[in-house]
Amino acid sequence: MGNSVLKRSIMKKQIVAISGLLLIGFLFAHLAGNMLLFGPPEGINEYAQKLQELGPILWLFRIGLALTFAVHISFTLWVALENRAARSGRYAVSNDRGGTDFATKTMVYSGLLIAVYLLLHLSDFAFGDHYGEATIVAGAETEESLGLYGLIWNSFIQPWRVVVYVFAVGVVGLHVSHGLQSFIQTLGFANDDVLPVLKTVSRIVGLLIALGYAAIPIYMIVRHYTIGIGA
Amino acid sequence: MEKTINLTLKVWRQANPQDAGRFEVYEAHDISTDASFLEMLDVVNERLEREGKEPIAFDHDCREGICGMCGAVINGQAHGAEKETTLCQLHMRKFKNGDTLVIEPWRSKAFPIIKDLVVDRSAFDRIIASGGYITVRTGQAPEAHTMLVPQPNAEKSFDAAACIGCGACVAACPNASAMLFVSAKISQLALLPQGQPERWDRVRIMVEKMDEEGFGNCSNHYECEAACPKNIKVSNIARLNRDHLWASIRAKLRG
């Protein structure tokens, strides 16, 4: 039994599951903060400011989050490559039996899409210029920078950005809709009674995450074309 | 009156493990709807033999759905589309006159194709041999009532023990994972008092063996449960996952 425990199939998946649950936790925390975008610009700006003031703690958190992503992605790819190798050839006809669903079959692809979008998202907002010209909102009461709020507003009054964002958070929701119940099953907490309930709960959580995030750009672009930012 | 149908079969033909293999098309005429799928193949094979051609090789034994020898993927579904049915118990009345059936062997690296539809499933035997047993002293059988088994555990253990090791779970899994099979073999013993002494070693040894044989990793598609002719539940996989987790922690604690 010289084999490392980490190499065992079940362990690898449990690492994917635990890192995935941490990321779902982050999604909820991030969404809670984002709800401030429904309020006045000062709300989110002060929140962002407070986070910045945490200094080293914020960086500790960022590094932890980045590591969680790295572990989640690398172990998944390891498992996925092994799975590909385990099939000796494709079936000429492939036909599902009603066990799997769209979200499950596309986990690797939805995950990769999220990873790509995440990089865009970070460069747009987290590491974007929170004070520059892009944060000045045309038609606002003030001609001064509206900070992070202004940056987000200026992004989300552009229809194509709204479409990309809503699509991206839809993919996140799809990923979570399988991921949550998969976590419970892989850690071994499921049984015949709870698994069907878990599948439904998991889909609802995925839907809530997608709707919660999608509401923000939709609110902003609707407001832009109706009452405007100033009202 | 007996009803007959005509079918077109696209069958995977592979002379030996090294052969690349290909599909060949056969017409199956005047097949009784009372025939089982294997009897239909028998009819086709008799005709092939009369024509001096090589019959289609397929595995079979009891033809009662209890031995686990038969199995092929019919139109992309292991053992065909009927629920909880082995290939030998699939009847031709489930098909329509003029249907085209694509017949393939289980496709998994851990189950090398021997010939046509016959695959080598000895990887399953090696997993069982690695740890799927209990140690019992020989001698007089003890009085049955000295070992108490809770009724729910007896039921679940027996449900798991219904696994016939046919390999449909591996065939149906997009990852060619053997988790449903291994979880059934783990569960049937883990739920009974007799299985306890070796429980935590067994799960680690059998999972290690499963990985070594080249099966894929479970990614919770649950296609295995849907394809299983004996309705083995994926809750067994959850039990395997938690037993393996605890066994690994326990091994670290004990050093």
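Residues numbered from 1 in each chain as written. Chains lettered and ligands numbered in written order. Predicted model: local features only at pLDDT ≥ 70, side-chain atom pairs only at ≥ 80, totals over all residues. Heavy atoms only, no water.

## Structural notes on the interface of chain B and chain A
Taken residue by residue, the interface counts 54 residues in chain B and 44 residues in chain A. Roughly 3,900 Å² of surface becomes buried between chain B and chain A when both sides are summed, with 49% attributable to carbon and sulfur atoms. The three residues of chain B that bury the most area against chain A are Glu208(B), Asn217(B) and Tyr222(B), which together make up 17% of that side's buried surface. Where chain B meets chain A, there are one salt bridge. Glu208(B) is paired through a salt bridge with Arg8(A); the nearest N and O atoms lie 3.2 Å apart. Of all the secondary-structure elements, those providing two or more residues to the side of chain B that touches chain A are β4 (77–78), β5 (100–104), α4 (168–172), α6 (199–212), α7 (223–227) and α8 (235–254) of chain B. (Contact = heavy atoms within 4.5 Å. Buried area = accessible area lost by both parts, 1.4 Å probe. Salt bridge = Lys/Arg side-chain N within 4 Å of Asp/Glu carboxyl O. Helix = DSSP H or I, 4+ residues; strand = E, 2+ residues; numbered from the N terminus.)

## Describing the packing of α6(B) against α8(B)
Residues and elements named next belong to chain B. Two elements in contact, α6 and α8, have axes separated by 9 Å at closest approach and are oriented at 110°. Taken together, the axes of α6 and α8 lie roughly perpendicular to each other. Packed against α6, whose contacting residues are Arg199, Trp200, Val203, Arg204 and Val207, the element α8 presents Leu240, Asp243, His244, Trp246, Ala247, Ser248, Arg250 and Ala251 at the interface. Partitioning the contact of α6 with α8 into residue classes produces seven nonpolar, two polar and four charged. (Axes fitted to C-alpha atoms, helices over the stretch in contact; angles between N-to-C directions. Parallel < 35°, antiparallel > 145°, perpendicular 65-115°, else oblique. Nonpolar A, V, L, I, M, F, W, Y, C, P; charged D, E, K, R; others polar.)

## A word on the nonpolar core
Formed by 82 residues in total, the largest nonpolar core has its most connected members in Leu9(B), Phe37(B), Ile103(B) and Phe215(B). If you tally residues by element for this core, the top one is helix α5 (residues 179–190) of chain B, at seven residues. A domain split of this core shows at least three residues from each of domain 1 (4–104) and domain 2 (121–139 + 149–254) of chain B. Sequence-distant contacts of Phe215(B), that is, excluding residues within four places in its chain, are made with Ala86(A), Ser108(B), Ala110(B), Phe111(B), Ala123(B), Phe124(B), Ile127(B), Val170(B), Ala176(B), Ser177(B), Ala178(B) and Met210(B). Listed in part, the 35 residues of the second largest apolar core include Leu146(A), Leu148(A), Tyr149(A) and Leu151(A). (Core = buried A, V, L, I, M, F, W, Y, C linked by side-chain atoms within 4.5 Å. Buried < 20%, exposed > 50% of the residue type's maximum accessible area, 1.4 Å probe, protein only. Domains from an automatic or database assignment.)

## Some details on the side chain of Ser36(B)
Residues and elements named next belong to chain B. Among the secondary structure elements, Ser36 is positioned in the loop between β2 (22–32) and α1 (37–50). When its relative accessible area of 5% is taken as the criterion, Ser36 is described as buried. With sequence-adjacent residues up to four places away left out, Ser36 is seen in contact with Cys88, Leu90, His91 and Met92.

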